[in-house]
Amino acid sequence: MTLEAIKELIITQLEQQTESILKQWSTHQGTSTNYFYIDNLLPVALVDEIYMAFPKEGDGFHKRKSFREQKSTFAALANSSAILSDITKAFQLPEVVEKISSLVGMKALEGDPTLYAGGLSMMFKNDFLNPHIDNSHDGNRKRYRRLNLLYYVTPEWMLENGGNFELWDAKVTVPETIIAQFNRLVVMETNNKSWHSVSPVIADNARCCVSNYYFSEISPNGLEYFHVTSFTGRPGEKWKRTVGVVDNFLRNNVAKALKTGRGKGLINK
């Protein structure tokens, strides 16, 4: 199937599920973060093909492991199969960006073909992603991150498998859980209060996801701000919450120093 055909399928589903999307975006419990999800985004045969293209042992993926997270990521689409490249690129096409932008009422959204922090991810047994707020900007710090798009493709994924998406209240005490269900697209707003996470994977199977992000020069709250991806612990993980405060403070200050020092021998990352 061509990239153009995938784009048309996505837009058609967004149009057909507009009423549900609008209702979800403004109605949710346990979190102040706006979001929606739609199921059966693409034909099953196509999603099966996407899933089968993921390397089942995560070969070639970069393993990230710390107290903050444990997962495998991959963004070198030029070195991946055509179907993985196309499904990722489809969400970056202007027509898809514009359609989603209009549905959620955000102006001047732009995709990010460079896949800064985006691409493919796999989570295996015991992998996790602690509660966090995403870094505020794109790689050049020119645009604010505004939307996360997460497309899940592992067949027969259930709540009991773990590895599910979670959106939290402001104090990160109560999550609203969204199952990483096969052929489900989740779209959430991201700002300096949008705490989210992935619960630890329990199943032996790998949870596979296609991730994309949209940016805008317009700040989510109308004010200028900057922060790196900032983590905390899950409820009951007191040491992670304590370490997270220090870790976030240090990484934020280093990032700001690097930005300020550009042109003075410091590298901007």
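Residues numbered from 1 in each chain as written. Predicted model: local features only at pLDDT ≥ 70, side-chain atom pairs only at ≥ 80, totals over all residues. Heavy atoms only, no water.

Novice: Would you mind going over the pattern of salt bridges with me for this structure?
Specialist: A side chain of one charge can pair with a side chain of the opposite charge when the charged atoms of the two come close. Counting across every chain of the model gives 17 salt bridges. With a shortest N-O distance of 3.4 Å, Lys125 and Asp204 are connected by a salt bridge. Of this pair, Lys125 sits in the loop between β4 (119-123) and β5 (128-133) while Asp204 sits in the loop between β10 (196-198) and β11 (207-216); the two residues are 79 residues apart in sequence, bridging distant segments of the chain. Using a relative accessible area of 43% as the deciding quantity, one classes Lys125 as partly exposed. Taking relative accessible area as the criterion, Asp204 reaches 66% and is therefore assigned exposed. A network of salt bridges, in which partner residues are shared, links Glu4, Lys7, Glu8 and Glu95. (Salt bridge = Lys/Arg side-chain N within 4 Å of Asp/Glu carboxyl O. Helix = DSSP H or I, 4+ residues; strand = E, 2+ residues; numbered from the N terminus. Buried < 20%, exposed > 50% of the residue type's maximum accessible area, 1.4 Å probe, protein only.)

Novice: Is there a simple way to explain the environment of Phe54 in this structure?
Specialist: Counting through the fold element by element, Phe54 comes out in the loop between α3 (44-53) and β2 (62-65). Each C-alpha atom, one on Phe54 and one on Gly119, is 12 Å from the other, the two residues being 65 residues apart in sequence. The contact partners of Phe54, leaving out residues within four places of it in the chain, are Phe61, Leu84, Leu120, Ser121, Met122, Val153, Cys208, Cys209 and Val210. (Contact = heavy atoms within 4.5 Å.)

Novice: Could you clarify how one ought to interpret the pairing of strand β3 (residues 69-74) in this entry?
Specialist: Along a regular strand, successive side chains alternate from one face of the sheet to the other. With six of its six residues buried, β3 lies for the most part within the structure. Every second residue of β3 is oriented toward a common face, with Glu69, Lys71 and Thr73 on one face and Gln70, Ser72 and Phe74 on the other, all of them buried. Bridge count between β2 and β3: four bridges; the pairing is antiparallel. Counterpart to Arg64 in the pairing with β3 is Lys71. Here β3 pairs with β5 via two bridges, running antiparallel. Its bridge partner being in β5, Glu69 is matched across the sheet by Leu129. Inspection of the sheet shows β3 paired to β4 by three bridges, in the antiparallel sense. Note on β4: the bridge partner recorded for Ser72 is Met122. (Pairing = 2+ DSSP bridges.)

Novice: Can you help me understand the nonpolar core in this one?
Specialist: Soluble, globular proteins show a tendency: their nonpolar side chains are buried together. Judged by nonpolar contacts, the single largest core of 45 residues is most densely connected at Ile50, Phe54, Phe91, Leu147 and Tyr151. With five residues, the top contributor of residues to this core is helix α5 (residues 94-104). Beyond its immediate chain neighbours, meaning those up to four positions away, Leu147 contacts Trp25, Ile100, Val104, Met106, Leu109, Val187, Met188, Glu189, Thr190, Asn212, Tyr213 and Tyr214. By size, the runner-up hydrophobic cluster in this structure holds 17 residues, among which are Trp157, Phe165, Leu167 and Ala203. (Core = buried A, V, L, I, M, F, W, Y, C linked by side-chain atoms within 4.5 Å.)

Novice: Before we go on, may I ask you to explain the packing of aromatic side chains in this structure?
Specialist: Describing an aromatic ring pair means giving the distance of the ring centres and the angle of the ring planes. Applying the stated criterion across every chain yields a total of six aromatic pairs. A centroid spacing of 6.4 Å and a plane angle of 40 degrees characterise the contact between Phe54 and Phe61, whose relative ring orientation is tilted. We note that Phe54, like Phe61, is buried. Seen in terms of ring centroids, Phe67 and Trp239 are 6.4 Å apart; in terms of plane orientation they differ by 50 degrees. Their pairing is tilted. Linking Phe67 in the loop between β2 and β3 with Trp239 in helix α6 (residues 238-260), this pair joins segments that are 172 residues apart in sequence. You can call Trp239 exposed: its relative accessible area is 52%. (Phe/Tyr/Trp six-rings, centres within 6.5 Å; stacked < 30°, edge-to-face > 60°.)

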